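Chain and residue survey
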Amino acid sequence: MMPNDTLSKVLYIDLSKKKFETKDRRDLFEKYLGGTGVATQLLLEECPEGLNPLHPDAPIIFAVGPLTGVFPLASKTCAMFKSPHTGDLGESHAGGRSAIAIRMAGYGAIVIKGASEIPVYLTIQGGKVKFKNATTLWGMKDGSIPARVMRQNEKGEGLRAIFRIGTAGENLVTYSNVTTETYRHFGRLGLGAVFGSKKLKGMVISGKQMIEVNNKKEYRNLYDQIYKTATESPIMKKYHDVGTAINIKALNFIKALPVKNLQFSSSESIEPVSGESIAQHHLARRVACAHCPVACIHLAFLREPYDDDPYFYKTSPVCYDFELIYSLGTMVGIDEPTNLLKLIDIVEQVGVDAMSMGVILAWMTEMYERKMISPDDLDGTEIKWGDSDAYIEIVRKIVNPTTDFLKACSRGVDHAANQYGGKEFAMQFGKNEMAGYHTGPSGYLGFLLGARHSHLDNGGYSIDQKDLIKIDLTAQQVVDKLLEEEAIRQILSSVAVCFFARGIYDLKMVSEALKLLGYDLSDTRLAEIGKQIHLNKYTFKMREGFRFEKLDIPERIYETADPTGKITRKFIHEGINYAKSLID
Amino acid sequence: MKLSVKDVMRCVGCQSCMFACSRRSGNAGLSNTCIGIKSTGGISRGFTVIVCRSCENPPCAAVCPTGALVPKEGGGVRLNSAKCIGCGLCKDACVIDAIFWNEEQNKPVICVQCGYCVDYCPYEVLELKKDKKGVTHDAE
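For every chain, the first residue of the written sequence is number 1, and numbering continues from 1 onward in sequence order. Chain labels run from A onward and ligand labels from 1 onward, assigned in the order the entries are written. Only residues with pLDDT of at least 70 are given local features in this predicted model, and only at 80 or more are side-chain atom pairs given and counted; all residues enter the totals for whole chains, interfaces and linings. To get the side-chain values, take all heavy atoms of the structure and skip hydrogens and water.

A look at the sheet that holds strand E15 (residues 297-305) of chain A
Residues and elements named next belong to chain A. Our working definition: Between any two strands, pairing holds if DSSP finds at least two bridges. Where helices and strands are cited, they refer to DSSP runs of H or I of at least four residues and of E of at least two residues respectively, numbered from the N terminus. Here the axes come from fitting lines to C-alpha atoms, over the contacting stretch only for helices, and the angles between their N-to-C directions go from 0 to 180 degrees. Whether two residues are in contact is decided by their heavy atoms, any of which lying within 4.5 Å being enough.
Pairing is antiparallel across the open sheet formed by 3 strands, whose spatial order is E14-E15-E16. For this open sheet the edge positions go to strand E14 (283-287) and strand E16 (313-320), each flanked by a neighbour on one side alone. Direction aside, the axes of adjacent strands within the sheet are offset by 30° on average. Pairing analysis gives 8 bridges linking E15 to E16, with the strands arranged antiparallel. Looking at E16, one finds that Leu-299 is bridged to Cys-319. Against the sheet, helix H12 (residues 337-350) touches E15 and E16, its axis set at about 80° to E16.

Right under this line is the structure:
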């Protein structure tokens, strides 16, 4: 790396002692680039074995990459922590201005440990960390209000990122998230609860430094090449136009869209919540992450009349994409867009992962239908498929639980199903609630074997759609493809490139871009580093008790029709056993 | 030629223009940018695009105690960096905050109306305007 690059600076913050220090960790950034690669090492260093994820000593790590602030679409921050949701590797990525702000503030990573006695928020600016009293912000029911207060009180307009949790994080809901720039999330695996356990309400970070490159002419040329592809390629345009929501119709058509807790894989009534229809009737604005020309963030405006005053409306901007329409729409039988947007809005306000919440609501509805839980368990709320008002009530109740059942639901569908039954239709993989892809066995093997049990670990659903739907592959062949893809993605998330840009940044391109920042790493070498990072993650997972043989698979996946017709117990178990033989 | 905001409502807040402006120096980052994009009180309300309007009687030059900011014919100013003492009065004098600051050098960054940023706005928010005389034009 370049001699003066501040990427190697790691900011260590101690919330117990209200102290901070900066260390140069060139050792880590030269070996593992940044982002996921460096964050994994910092997690292994900073998180003692077997620690309760909500213990003060548990670290929160944020890391950005060398390409952040240098090339477009490299604006992702990797958050790493021990997950209170799975007790396993906690990793989630977010864009917004988060990565640019961390890099421009002069850091490659931030490590937060300890716990404050009173609620605080942090400001990180000009090489200093300030600990601000957030007592007054604690408990505000709409998480966007504390963000507004931070926005009004702190400087750095246009250059800053504002992170914050909602009441779900404060109340330690294990799938609570951290929101940045109102619409981007460190969504999965419960970073919000880790913030909450430290009484950390949020943080504001900003800066605007220079990053030196070693060949100015080459830099501009390569920049232009990447920028041109990003703004002109049809792949990126897809993310901008209708966005990922375009997949609702496509997956419904091939019978791969989970409907009503995956009792079905398509529905005849999804048209109003299709990406095209929402774009036509409700889309108000598209916005972008910092330093990304694509603008894939879709905001709808929800207009709700007040009952007590004619012509008086509440208008709320609501961010949506494929995963939200699936989890808070089709999965719970909501096919009316206004009702969908209302449910998304409350999920945003309290600050929980939308996919986890949707899957829990869907499982709960089936439990209720089967009379495996009573109205008393739900504290008097009657629920049925598609009833958004009831679901809104339930979301609020899960965040402030009044019954043992709702309390169990605040810890995830696996936890709740272990206590109340219904495991065969509790749609979790590695204790993480599923994403919206009933595409075939590769999708499920992807969830099961991915280091963080996310669909984005390896994009298994794509193997189903590109390959398995047409040709036969063995489970071993599928797993080989998954592992190869996951290794490549470790590099993307280490240099901090958005996975949407994976078509632009192949390893050759990453290698060329890194050369301008003083790294001499061939694409082959990068692939090796990617594999190593993946194994390092498994080192953490195994250390914390992950075992392939303990993976629970809900029977439902074998029962509902899928596009490949190849989801069998044999295929899934062969895949898991093969992965175990390679990784264990 | 004059940099102008053609349609602020099309801005998505990607800040590609800011990075482009800073990249004129050949390096990456944002230290040298003299165009600013910020939300208008939250991203959902859209964005404010701040560009130098090349005032014909520039207030920034009027307050400069050392004559480092020199008004140009037809509007705008030129920075004579050697004369600049980094006092920041020019920054305070600009009511639209179009004087940006290079923290590393403690000097203002002044838009030279080169239009490099325009080529990196994918949504046609910016344009480089030319009037009949080829000099100045009112901008948004």
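Focus: unusual backbone geometry
All names here are of chain A. Short version of the rule: Think of it in three bands: residues with accessible area under 20% of the maximum for their type are buried, residues over 50% are exposed, and the middle band is partly exposed, with areas taken using a 1.4 Å probe on protein chains only.
For Lys-199, which is not a glycine, the phi torsion comes out positive at approximately 55°. Looking at the secondary structure, you find Lys-199 in the loop between helix H6 (191-197) and strand E12 (200-206). Here Lys-199 falls in the partly exposed class, since its relative accessible area comes to 29%. For Lys-431, which is not glycine, the phi torsion reads 70° and is therefore positive. With respect to the helices and strands, Lys-431 occurs in the loop between strand E17 (428-429) and strand E18 (432-433). Of the residues examined, Lys-431 reaches a relative accessible area of 39% and is grouped as partly exposed.

A closer look at the nonpolar core
All names here are of chain A. Stated formally: We define a nonpolar core as any set of buried Ala, Val, Leu, Ile, Met, Phe, Trp, Tyr and Cys residues linked to one another through side-chain atoms lying within 4.5 Å.
Counting residues in each nonpolar core, the largest one holds 242 residues, and the members touching the most others are Phe-62, Phe-71, Trp-363, Met-364 and Tyr-505. The biggest single contributor to this core is helix H13 (residues 354-369), with 11 residues. In this structure, Tyr-121, Leu-137, Met-150 and Ile-162 belong to the second largest nonpolar core, which totals 7 residues.

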